[in-house]
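# Notes for the structure review
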Amino acid sequence: MTRSPAALSVLEGMYAAEADYFAAGGPGKSSFAPLAPFFSPDVVLHQADGLPYGGIWRGHEGMERFFLAMSGTWDVFDMVEQSFLSETSPLVVLTHVHVRARATGRELDFPILQTITVEDGRITEVRPFYWDTAAIAAACTNYHSADDRLPRS
């Protein structure tokens, strides 16, 4: 792997554009256009199947649909702290997030570790790894946990 400050710059720019996108209202209210240049037209995002927005999202259209699904899940999604653990592609980013589920109002704090591949100045692949997908899914439903299938009273 080679040192790639340019890749890190792409990622930092994307995070800034993402923050602006959500501040302007996010999916359905704000244009995806400011985010598009940071992603390759054939970008692939792999989300854990156990998440409410799990699955594989491809291309700009897929990313736009992902942001719509994610904003439908979370009323609040704050990136509280980020640490860039590498400057080579794939980049490794540790992000501590604070979220509030839109459906239940429940709040969680958890880490996400992501590998992000950057080629020719654009993000081509994103693989986020969540600490506890069952806790996240449970916060978004009317259940105590993924193992407790009884509705909350």
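Please refer to the structure placed before this passage.
This report concerns the structure included in the present document. Predicted model only: the values in this text are computed from it and were never measured.

Rules used in this analysis
Residues numbered from 1 in each chain as written. Predicted model: local features only at pLDDT ≥ 70, side-chain atom pairs only at ≥ 80, totals over all residues. Heavy atoms only, no water. Helix = DSSP H or I, 4+ residues; strand = E, 2+ residues; numbered from the N terminus. Contact = heavy atoms within 4.5 Å. Areas by Shrake-Rupley, 256 points an atom, 1.4 Å probe, with all protein chains shown as cover. Phe/Tyr/Trp six-rings, centres within 6.5 Å; stacked < 30°, edge-to-face > 60°. Buried < 20%, exposed > 50% of the residue type's maximum accessible area, 1.4 Å probe, protein only. 1 Å grid on protein atoms, 1.4 Å probe; cavity = no way out; pocket = protein on both sides within 12 Å on 5 of 7 lines; lining within 4 Å. Points joined across faces, edges and corners; volume = space filled by probe spheres on them. Nonpolar A, V, L, I, M, F, W, Y, C, P; charged D, E, K, R; others polar. Salt bridge = Lys/Arg side-chain N within 4 Å of Asp/Glu carboxyl O. Core = buried A, V, L, I, M, F, W, Y, C linked by side-chain atoms within 4.5 Å. Pairing = 2+ DSSP bridges. Patch = residues over 30% accessible without salt bridge, like charges linked within 9 Å, V, L, I, M, F, W, Y side chains within 5 Å.

Time to look at the overall build of the protein. The number of helices and strands found in the protein is three helices and eight strands. Going residue by residue from the N terminus, the α and β elements of the protein occur as α-β-β-α-β-β-β-β-α-β-β. A sequence separation of at least 24 residues applies to 47% of the contacts in the protein between residues at least 6 apart. As displayed, the protein has an accessible area near 8,200 Å², and 53% of this comes from carbon and sulfur atoms.

Next up on the list: the packing of aromatic side chains. Using the criterion set out here, one finds four aromatic pairs in the structure. On the numbers, 6.0 Å between centres and 40 degrees between planes, the contact of Phe 110 with Tyr 130 is tilted. One end of the pair, Phe 110, is in strand β5 (residues 107-119); the other, Tyr 130, is in strand β6 (residues 122-130), with 20 residues separating them in the sequence. Neither Phe 110 nor Tyr 130 differs from the other in exposure class; each is buried. Here the aromatic cluster, defined as three or more aromatic residues joined through ring pairs, consists of Tyr 53, Trp 57, Phe 66 and Phe 67.

It is worth spelling out the layout of surface pockets at this point. Empty space within the largest pocket amounts to approximately 620 Å³. Lining the largest pocket are 32 residues; nearest its centre among them are Glu 18, Phe 22, Phe 67, Met 70 and Phe 77. Classifying every residue of the lining of the largest pocket by side-chain character gives 21 nonpolar, six polar and five charged.

Let us now look at the pattern of salt bridges. Where charged atoms from two side chains of opposite charge come close, those side chains can pair. Within this structure, the stated rule accounts for five salt bridges. Taking the shortest distance from any N to any O, the salt bridge between Arg 100 and Glu 107 comes out at 3.8 Å. Assessed through its relative accessible area of 28%, Arg 100 is described here as partly exposed. Residue Glu 107 is classed as partly exposed on the basis of its relative accessible area of 45%. For Arg 127, the salt bridge identified is with Glu 125, shortest N-O distance 3.3 Å. Accessibility expressed as a relative area gives 33% for Arg 127, which makes it partly exposed. Residue class for Glu 125 comes out partly exposed when judged on its relative accessible area of 24%. The network of salt bridges with common partners includes Asp 75, Arg 100, Arg 102 and Glu 107.

Further remarks concern the nonpolar core. Counting residues in hydrophobic clusters, the biggest one holds 35 residues, and the most contacted among them are Leu 11, Leu 35, Phe 39, Tyr 53, Trp 74, Ile 116 and Ile 123. A per-element tally of this core places helix α1 (residues 5-23) first, with seven residues. Residue contacts for Phe 39: discarding those within four places in its chain leaves Met 14, Phe 32, His 60, Met 63, Arg 122 and Ile 123.

Here the focus is the pairing of strand β4 (residues 91-101). Relative to β4, strand β3 (residues 74-84) is paired through nine bridges, and the arrangement is antiparallel. Counterpart to Val 76 in the pairing with β4 is Arg 100. Where β3 folds back on β4, the antiparallel hairpin that results is connected by six residues. Where β4 folds back on β5, the antiparallel hairpin that results is connected by five residues, among which Gly 105 adopts a positive phi of roughly 80 degrees.

The grouping of Leu 85, Leu 94, Leu 113 and Phe 129 at the surface amounts to a nonpolar patch, some 350 Å² of accessible area in total. Here Leu 113 lies in strand β5. Classification of Leu 113 by relative accessible area gives partly exposed; the value is 33%.

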